[in-house]
Amino acid sequence: MPHTQRQQVGSRGQCSSSCPRLLILVLLSFTAQPCQTAIHIPSNFKRPPMIITQPESVTVFSVEDLVMSCEASGNPQPIFHWTKDGKKFDPSSDPDLRVTEDPGSFAFYMHSSTMEPLKQYQGKYVCYASNDLGTAVSNEAILNIDAPPSQQKERKVNVKSEEGSSIVLKCNPPQSSMEPIIHWMDWRLHHIQLSKRVMVGKDGNLYFAHLTSKDSRDDYTCNVQYLATRTILAKEPITLTVNPSNALLRNRRPHMMRPTGLRSEYHALRGQTIELECIVQGLPTPEVSWVRKDGELSESRTVKTMFDRRLRFSNISESDSGEYQCISENSQGKTVHTYTLTVEAAPYWTKEPLSQLYAPGETVRLDCQADGIPNPTISWTINGIPISETDKDPRRTLTASGSLILNDVDFGDTAIYQCRASNKYGTILTNTNVYVIELPPQILTEDGNTYTFTEGQKALLECETFGSPKPKVIWEKGSMSSLLADPRVNPLTDGGLEITNVTKNDEGFYTCAILNTNLSVTAELEVFNRTVILSPPQNLKVQPETTAIFTCLAFVDSNLSPPLIQWRKNDKKLFESHSDEKYTFEGQDLIIANVEADDEGVYTCQVITKLDMAEASGTLTLCDRPDPPVLLQISDSKRRAVTLSWTPGDDHNAPVQEYVVEYEDQGSKERGWEELKRVRGDEVRASLPLWPYISYRFRVIAINDVGKSDPSKSSEIHNTLAEAPDKNPEDVRSESMDPDTLVITWEQMDKRDFNGPKFKYRVMWRRVVGSGPDWHMNYTTTPPFIVNSISNFSAFEIKVQAVNEKGEGPEADPVIGYSGEDVPLEAPMNVGVVLMNSTTIKVTWGAVDRETVRGHLLGYKIYLTRLGPRGHHRGRRAQELESILITETGPNEEKKVISDLRPYSHYTLVVSVYNKKGEGPPSEMLSFKTEEGVPGPPMSLTLDSPSETEMTLHWMPPSQPNGILIGYLLQYQQVTESDDSPMQVETIDDPTVTHLTLKGLDRHSHYRFYLRGRTAAGDGELIMRKGATTLDGAPPSNISLSMGENSVNFSWVARKRHRNVPFQIHYLNKNDGSKWKKTEKVNSSQSFYQLQGLTPGSEYHLQIIYNNSTHWEKSIQTEGTEVTAVQPSFATQGWFIGLVSAIVLLLLILLILCFIKRSKGGKYSVKDKEEGPMDSEARPMKDETFGEYRSLESDLEEKRTASQPSLCEESKLCSQDNLDFNGSSAITTELNMDESLASQISRPSEVHEGFHALPDNSSFNPTSVSPATNGMPNSVTILD
């Protein structure tokens, strides 16, 4: 049985990561894990022995192979002795063995050169290393003796079999303790090609699922390789003859070849590698799949090999026990084989005792626990001697769980204790040192160490102590007494302190002290930001021969030196290319040039600092257009359908999204290839609809994300039979343009719809009335078809039918068509106009006789021409002729409401009827005038503030007064957050006024100003401006200076809304004793001024003078060292500045006088209170009757001189809450029939609320104008 052994030592727990030290300590450790198995003892103390090189099990094939060695350490040097099969064995006394013994090592090997003595040394060997402190025991090493495999004499084998049958070629490798490796080869030493049909079994045999004629050969050679002896044995070649079958090969369902039967059982040990094998025969070759009946297959520990015929388990565990099935199937059926896999385990440790130092009187507990299947038994030995064979000691106790307890230990208990765990699969052993000693405490870690980590790491602060009994350590951080209350903080048994997931808050100084002593050390913890990859490499799909760029952007703590960016491909380090420039590193980018298939893989970016590392990966996949499909096949042919199938080409790592099936009509190759159908990318067949009488050839194109494939090779030709047409032409209609002709036309049918030879159209027609049931008939091959010598605009039934050699298409449905139209003969009669308001009219007319239309009546056209504003001279009106407005109506309309006319304008109107051929004659011209309307907005509105509480508004009159302007309405209000400040109103009755000054405004507020023009029809559209008054200004005080050699730059921030203030800068050179100088006037709104002509390296005193007083002053020093005389410029002379100041002052006085004079001359009356604007359409006529005619001049004169009351004073329509009222109401209008007369509007004293429109039967009858014989209106007719 195999044995394993380990020696666990430590200092009452796991040591820290800094176990190796160049101090007075000696590290006693087992070679496998030195850091976790050490007792630290000063060098002048004795140390127990420790096996550091175990003897190894070996199979001996020759005398040179017999070597058994053992190495151990300790102070004093250990002495070695051996046992063989549990009995003492002294290699030194055997004359056939040679011994090599050095300090710390012992080895023996074969001295004889013959094989005969070897068999006596077969057995199990154990090495013991002893000194004054105890005996360490090695694991068992098994020595086996075996003869090397040899070539056996064989006869040549000839095998014959039928084509399609299965067969097994035997290998029969020689028996040996070694696992052979089998190679089936030919006489050229080329491997036999293996496949799903031909494969090698685990027994070395060559299995054929079925034979083909190509399998015949005479050199099937099995080569057996043994790695341990470096031997290859070639078996005798086998001749296989496959007789061809004269009959059709019969397919066979799958059948198991190895293993046979329905079930098999396998046993394995935990950690081993095992393979389940499933070799099947059948025709065609079966496909094999693996399933686990009681769960899922482990993806990490299982892999399928040998063309899925083997299922390999690596590092198998107990959880892999269960039932597995191999399912093999072909077109003839399937077979299932079930494998019962049982996994057991040799002993393995779950808890091992630790080697430690103890003080006299302590209690020692050595916990030893192991697991395995079956459960192992635990036993103890002391210095290699079973406890049962030692003197009984009441201080020793064995627990049921396998622990050994030593109470009240003394120096005599120092020894090496061995714990063994055994079951039927083997034994494991571990050595544990118990060293009873007294030593004073000491701290071995240096004081003042600094530990640096990044956030999220595990911080380890060292405090290594020594002493027996083990010193007790406490940790503190500043004044924090609850350091261990944090669950992230963990004190280690070796005295260190562990902080998991360290953060910035953990930074600071920590103190480690030994309890009840004055021994302590201090450690500083620094925590840096961890390295983070902000922009990881992305997964790339690129085309061949292009460039791929991976980008890796990372954040690194500023306290750390620049990181190393290391790129890896499939975990292998990349280096920058210099010869072929394949890989180029540019900062955070990896550039891969001329990408090829070998460049595919996983690329990892590693950002490495001295403290941590961050990494991220992206894949590079080579993709390209797909290869075209191949092997196009036509099947399932029907009358008008066929199935096309194909085999997909390589998609080049970009899945095919869809296939496009195209066809070519061999009889119309000029049309080229046309698309017939598209199918999804996961389909490999398509049912294609076909047309009759077409010779088809098909091809397929594959499409993926990169692009389209080349077209596949075309299929064989497929012809469809001719049939009668199954459809008629569409959109049959008449397009007769000329009188006396009937033009019948239709949409030309696609040639694919002809369905057969000798295709033509059958055209049929007859009159709707008076011609009887008989149809006129004719044939043509193309549209249109023209019938001549018939009357104008007559109705016909027409139809067109498709015909070919095989028959007629379906019965065609007749449609109504007409012969050619002619222009209408008559104009509409009884044309009238009803004025709805100042911008809307209603036009009426009488319907025309349909017979006179001579075609389809499409409707009526109304032509409106604006001649200009009302009351203007005839010649001027002609100069202002505007564009004509054309309005079209439907064929059944006899009235039309037309809106958006210009108020206060002169219009003419005519009406005509039209059909497809054109328009008929116009009606007699009708003239009318629209009433006054409200004006449009003023053309402009500007704001000017003469003082902090005054605002002057300037405006220009409206560009469209839409009547006679009688004044303006000004409204304004303060701008507040709630927007609820009261509205102030100023009424201006003089239309010539274009400015107004408002006084008493709040200097701290902004205002909105609304201005409207006014006519007799009401208040017009508004124009709005927002503004505030200008505040009194002052010279700047927050001045920034920038000195040069000969100049000083003054800069300041000009205050908004403040008036410009002129000031002067006075300056004095303190170095040359000159007098004060001053600049020209500077404006406070400039924000910048440069004072020039200064002396370099001189001290100056600067002042800002405003109103003869000093507003600001400061001393400065110009740059430079040389002093040069600066000639004063012309602009800085005193007389020049005084002259300019006088001129500016004179101009300012003249402007003020002009402004005062203009303000006094523009007086007007202002209403104390105006309740609101009035809409232009809310003007009912006085007494509901027409007023008298008055001349325009007298009307204007009256409006200029008469004192008229405000509309709002006499009407309930106006109120303070209704300033923006925009309702409409019908008005009664008197229409002037003479250019020298103007209408007068009378206003009623009261209008009812909600009066917005007149019903048709209202007594407020709108006027209508009828045409007179001379073309001008001369009477008024009241229309209902």
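Not measured: the values here are computed from a predicted model.

**Q** Help me understand the overall build of the protein chain, please; the structure alone is not making it clear to me.
**A** The number of helices and strands found in the protein chain is four helices and 99 strands. Relative to its full complement of 1280 residues, the protein chain shows a buried share of 45%. Partitioning the intrachain contacts of the protein chain with sequence separation of at least 6 by distance along the chain shows that 66% fall at a separation of at least 24.

**Q** What is the right way to look at the packing of aromatic side chains in this model?
**A** Aromatic ring pairs are described here by two measures, namely the spacing of the ring centres and the angle between the planes. Applying the stated criterion to the full structure yields 30 aromatic pairs. Judged by centre distance (5.4 Å) and plane angle (45 degrees), the ring pair of Trp765 and Phe785 falls under tilted. In this pair, Trp765 is assigned in strand S68 (residues 760–767) and Phe785 in strand S70 (residues 785–788), connecting sequence segments 20 residues apart. In this structure, Trp765 and Phe785 share a single accessibility class: buried. Through a chain of ring-to-ring contacts, the aromatic side chains of Phe80, Trp82, Phe89, Phe106, Phe108 and Tyr125 assemble into a single cluster. Lying over the aromatic face of Trp691, Arg752 brings its terminal NZ or CZ to 4.6 Å of the ring centre. Across from the ring centre of Tyr914, 4.9 Å away, lies the NZ or CZ of Lys861, which sits over that ring.

**Q** Got a minute to help me understand the side chain of Gln666 in this structure?
**A** Here Gln666 shows up in the loop between strand S61 (658–665) and strand S62 (674–680). From its side chain, Gln666 meets the backbone oxygen of Glu664 in a polar contact 3.1 Å long. Of the polar contacts made by the side chain of Gln666, one reaches the side chain of Lys669; its length is 3.5 Å. Not counting the four nearest positions on each side in its chain, Gln666 is found in contact with Ser695, Arg697 and Ile717.

**Q** Help me understand the sheet that holds strand S27 (residues 302–305), please; the structure alone is not making it clear to me.
**A** What links the strands of a sheet is backbone hydrogen bonding, and the strands pair in either a parallel or an antiparallel sense. The three strands lie next to each other as S24-S28-S27, forming an open sheet whose pairing is antiparallel. Each end of this open sheet is capped by a strand with a single partner; those strands are strand S24 (274–277) and S27. Across the sheet, the mean angle separating the axes of adjacent strands is 25 degrees when strand polarity is ignored. With four bridges connecting them, S27 and strand S28 (residues 310–313) associate as antiparallel partners. Within S28, the position partnered with Val303 by the bridge is Arg312.

**Q** I'm lost on the state of the cysteines in this one. Help?
**A** In protein chemistry, a disulfide is the covalent bond that joins the sulfur atoms of two cysteines. Scanning the model with the defined rule gives six disulfides in all. The partner cysteine of Cys171 in its disulfide is Cys222, sulfur to sulfur 1.8 Å. Residues Cys171 and Cys222 are joined through a disulfide that is left-handed, its torsion about the S-S bond being -60 degrees. You can see Cys171 sitting in the loop between strand S15 (167–169) and strand S16 (181–185) and its partner Cys222 sitting in strand S19 (residues 217–226), a full 51 residues away along the chain. In this pair, the class of Cys171 matches that of Cys222, namely buried.

**Q** Before we go on, may I ask you to explain the side chain of Lys84 in this structure?
**A** Looking at the secondary structure, you find Lys84 in strand S7 (residues 79–84). Classification of Lys84 by relative accessible area gives buried; the value is 17%. Apart from the residues within four sequence positions on either side, Lys84 is in contact with Phe89, Gln120, Tyr121, Gln122, Lys124 and Tyr125.

**Q** Could you clarify how one ought to interpret unusual backbone geometry in this entry?
**A** Excluding glycine, a negative phi dihedral is what most residues carry, and trans is how most peptide bonds are arranged. Cis geometry is found at the peptide bond from Ile373 to Pro374, where omega equals 0 degrees. Summarising the element assignment, Pro374 is placed in the loop between strand S33 (369–373) and strand S34 (377–382). Here the residue pair Pro783 and Pro784 is connected by a cis peptide bond, since its omega of 0 degrees sits within 30 degrees of zero. With a phi angle near 70 degrees, Asp740 is a residue other than glycine that sits in the positive phi range.

Definitions and limits used
- Numbering of residues starts from 1 in each chain and follows the order in which that chain's sequence is written.
- Only residues with pLDDT of 70 or above have their local features reported here, since the model is predicted, and side-chain atom pairs are shown and tallied only from 80 upward, although totals for entire chains, interfaces and linings are computed over all residues.
- Hydrogen atoms and water are omitted, and side-chain values are computed over all heavy atoms in the structure.
- Each helix corresponds to a stretch of at least 4 residues labelled H or I by DSSP, and each strand to a stretch of at least 2 residues labelled E; elements are numbered beginning at the N terminus.
- Relative accessibility decides the category of a residue: with a 1.4 Å probe and only protein chains considered, values under 20% of the type maximum give buried, values over 50% give exposed, and everything between is partly exposed.
- Here, two residues are considered to be in contact whenever any of their heavy atoms come within 4.5 Å of each other.
- Aromatic rings from Phe, Tyr and Trp, taking only the six-membered ring of Trp, are treated as a pair when their centres fall within 6.5 Å; an angle between ring planes under 30 degrees marks them as stacked, one over 60 as edge-to-face, and anything in between as tilted.
- Lysine NZ or arginine CZ positioned within 6 Å of the ring centre and within 35 degrees of the ring normal marks a charge as sitting over the ring.
- Any pair of nitrogen or oxygen atoms within 3.5 Å is treated as a polar contact; in protein, a donor-acceptor pairing is required on top of that, and neighbouring residues in sequence qualify only through side-chain atoms on both sides.
- Only when DSSP finds a minimum of two bridges between them are two strands counted as paired.
- To define axes, lines are fitted to C-alpha atoms, for helices over the stretch in contact only, and angles between the resulting N-to-C directions are given on a 0 to 180 degree scale.
- Only a pair of cysteine sulfur atoms within 2.5 Å counts as a disulfide in this structure description.

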